[in-house]
Each structure stands twice: as C-alpha cells, then as structure tokens.
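# Breakdown of the fold
Spelled out, the chains give:
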Amino acid sequence: EDKVVQSPLSLVVHEGDTVTLNCSYEVTNFRSLLWYKQEKKAPTFLFMLTSSGIEKKSGRLSSILDKKELFSILNITATQTGDSAVYLCAVDSGSARQLTFGSGTQLTVLP
Amino acid sequence: NAGVTQTPKFRILKIGQSMTLQCTQDMNHNYMYWYRQDPGMGLKLIYYSVGAGITDKGEVPNGYNVSRSTTEDFPLRLELAAPSQTSVYFCASSLLAGWTAAFTDTQYFGPGTRLTVL
C-alpha cells in the first residue's frame, strides 16, 4: 500500500521565520510528488517535482526532491501571516495518476 | 472557463438517506477523481475515471457509487448515508494528453462539498 508521511503535524512560528516541512513516501510506481496549500477550502497547487536534486522556486517558497532517500522538503522563507495554512504533500503513483496524500502540516504564522 | 464546480456546498443528511454529489468540469479533462477529507487528515481517493464510461475504485470506495456518462460530469452517489461518511468531498480533474503531459500537468480541485450525516 502506498504511503506518504508528513512532519511535523503542526508548526507555530512568528513572521519572518524560515520553516522546513518534510514529506517522506513509500510507493510502488513513483511518477511525481506534489505540494499543495490548503486554506479552509480546496487545495491549491504549489509545486510538482519529478527529478531529484532540482529545486523548484516560487517567490519565498521552494521545494526539492530526493528520489534515492524518498523524501521532499518544502521551505518557506520570511514567513508571513498569509502563509498560515495546511500544506499537503501528495505522490502521483497510479496508472490513472491517482494521488496518495499525506495528512498535512498545519502551519500557523503569528504576527 | 469555470474549472471544476461542485454542488451542493453543504448538506446535512439523516442516517439511511441517499444523495448525489454533483461534479462538472469544463476543461475537457479526461481524468476525474473523487476524494474525501476527514478533519485533520489528508485526502483519500474514493473513485476515479479515466474517461466517459470508465470508472474504478480508489482507496475508500465502500458506501459510494459513481458514473461517468459524459466527459464533463462525474457524480458521486451515497446510497445509505452513515455517520462515518461525514466529511468534506472534493472532486478533481486532470488532463493526460501524452507522455510529456504526465509530468507537467496537475489535478485541479473543485471547491468541495461539506457533508454531515446525523
């Protein structure tokens, strides 16, 4: 059975801090790893990672994948209160590109 | 282009009642999915479809049924609602146009339906 584990489950930081969110996976047919941000509504897409060692960046967010060690990290620098959300990691491993999700990391950024 | 739409937004059911959650996408995506999200958890796949007339079970299909008579619509049916089906339901779609598209495309999610079974 495919498995995705995220850590920590929750994190509270102050504005300006840098955070690192972790995602490890065990799947039988890896295609890609995706990060989503969820704010009390539908998940919104952040990154898709398919190759090891290539960092994806979008503003203050960045992510990297290690296919040998089977994990990914999501970094957020200079956090803002608007970054408060649940961050979901998912792995695309099915023949129909079904996603297996982790349970998410609840990030709270205090002013 | 509305993307993925879901109705209703909220619904309260009594145990044993049935209902259909509607999902429509206008992006001509061939793949569609239904997920449920319990409080504090990630999303779990209920059913998916790779095209009109083709559906398959996901991780948690028990208590649900689906159909896919058109490319646009992918309704989810609950026949005998149970409290364990209290959850937020998300529909998603994606386009798989070819090998390269598999590594560049992603799933687009609808706004969700919050269902409570009492």
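Each remark here, short or long, concerns the structure printed above.
We now turn to the structure provided with this report. (Residues numbered from 1 in each chain as written. Chains lettered and ligands numbered in written order. Predicted model: local features only at pLDDT ≥ 70, side-chain atom pairs only at ≥ 80, totals over all residues. Heavy atoms only, no water.)

### Regarding the pairing of strand S4 (residues 31-37) of chain B
All names here are of chain B. This is how the line gets drawn: The classification of residues rests on relative accessible area computed with a 1.4 Å probe and restricted to protein chains. Under 20% of the type maximum is buried, over 50% is exposed, and intermediate values are partly exposed. A run of H or I in DSSP becomes a helix once it reaches four residues, and a run of E becomes a strand once it reaches two; helices and strands are each numbered from the N terminus. Between any two strands, at least two bridges found by DSSP are needed for them to pair.
Most of S4 sits inside the fold, with seven of its seven residues counted as buried. Here S4 shows a buried face lined by Tyr31, Tyr33, Tyr35 and Gln37 and a second buried face lined by Met32, Trp34 and Arg36. As defined by bridge partners, S4 adjoins strand S9 (residues 87-94) across seven bridges and the pair is classed as antiparallel. Of the residues in S9, the one forming a bridge with Met32 is Ser93. As paired strands, S4 and strand S5 (residues 43-51) are joined by six bridges and run antiparallel to one another. When the bridges of S5 are listed, Arg36 appears paired with Lys44. Connecting S4 to the antiparallel partner S5 that follows it, the hairpin turn spans five residues, and Gly40 within it adopts a positive phi of roughly 70°.

### Observations concerning unusual backbone geometry
Residue Pro8 of chain A follows Ser7 of chain A across a cis peptide bond; omega there is -10°. Mapped onto the fold, Pro8 of chain A is located in the loop between strand S1 (3-7) and strand S2 (10-14). In the segment running from Thr7 of chain B into Pro8 of chain B, the intervening peptide bond is cis, with an omega of -5°. Positioned with a positive phi, Lys40 of chain A is a non-glycine residue whose angle comes to about 60°. Looking at the element boundaries, Lys40 of chain A is found in the loop between strand S4 (32-38) and strand S5 (44-49). Given the relative accessible area of 85%, Lys40 of chain A is considered exposed. Even without glycine at this site, Leu70 of chain A takes up a positive phi of about 60°. Tracing the backbone through its elements, the reader meets Leu70 of chain A in the loop between strand S7 (61-66) and strand S8 (71-76).

### Topic: the pattern of salt bridges
For the record, the criterion: Salt-bridge detection follows one rule: a side-chain nitrogen of Lys or Arg within 4 Å of a carboxyl oxygen of Asp or Glu.
Under the definition given, this model contains five salt bridges over all chains. Across the pair Arg60 of chain A and Asp83 of chain A runs a salt bridge whose closest N-O atoms are separated by 2.8 Å. Residue Arg60 of chain A is located in the loop between strand S6 (56-58) and S7, and its partner Asp83 of chain A is located in the loop between S8 and strand S9 (85-92); the two are separated by 23 residues in the primary sequence. Arg60 of chain A sits in the partly exposed class, given a relative accessible area of 25%. Residue classification places Asp83 of chain A among the buried residues on the basis of a relative accessible area of 4%. With its nearest N and O atoms 2.9 Å apart, the salt bridge here joins Asp38 of chain B to Arg36 of chain B.

### A short note on the sheet that holds strand S7 (residues 64-66) of chain B
Residues and elements named next belong to chain B. Condition: Inter-axis angles, ranging from 0 to 180 degrees, are taken between N-to-C directions of lines fitted to C-alpha atoms, where helices are fitted over the stretch in contact.
The strand order S1-S3-S8-S7 describes an open sheet built from four strands, whose pairing is antiparallel. Looking along the sheet, the strands with just one partner apiece sit at the ends: strand S1 (4-7) and S7. Across this sheet, the average inter-strand angle for adjacent strands is 20°, counted without regard to direction. As paired elements, strand S3 (residues 19-25) and strand S8 (residues 76-78) share three bridges and run antiparallel to each other. Within S8, the residue paired with Leu21 across the bridge is Leu76.

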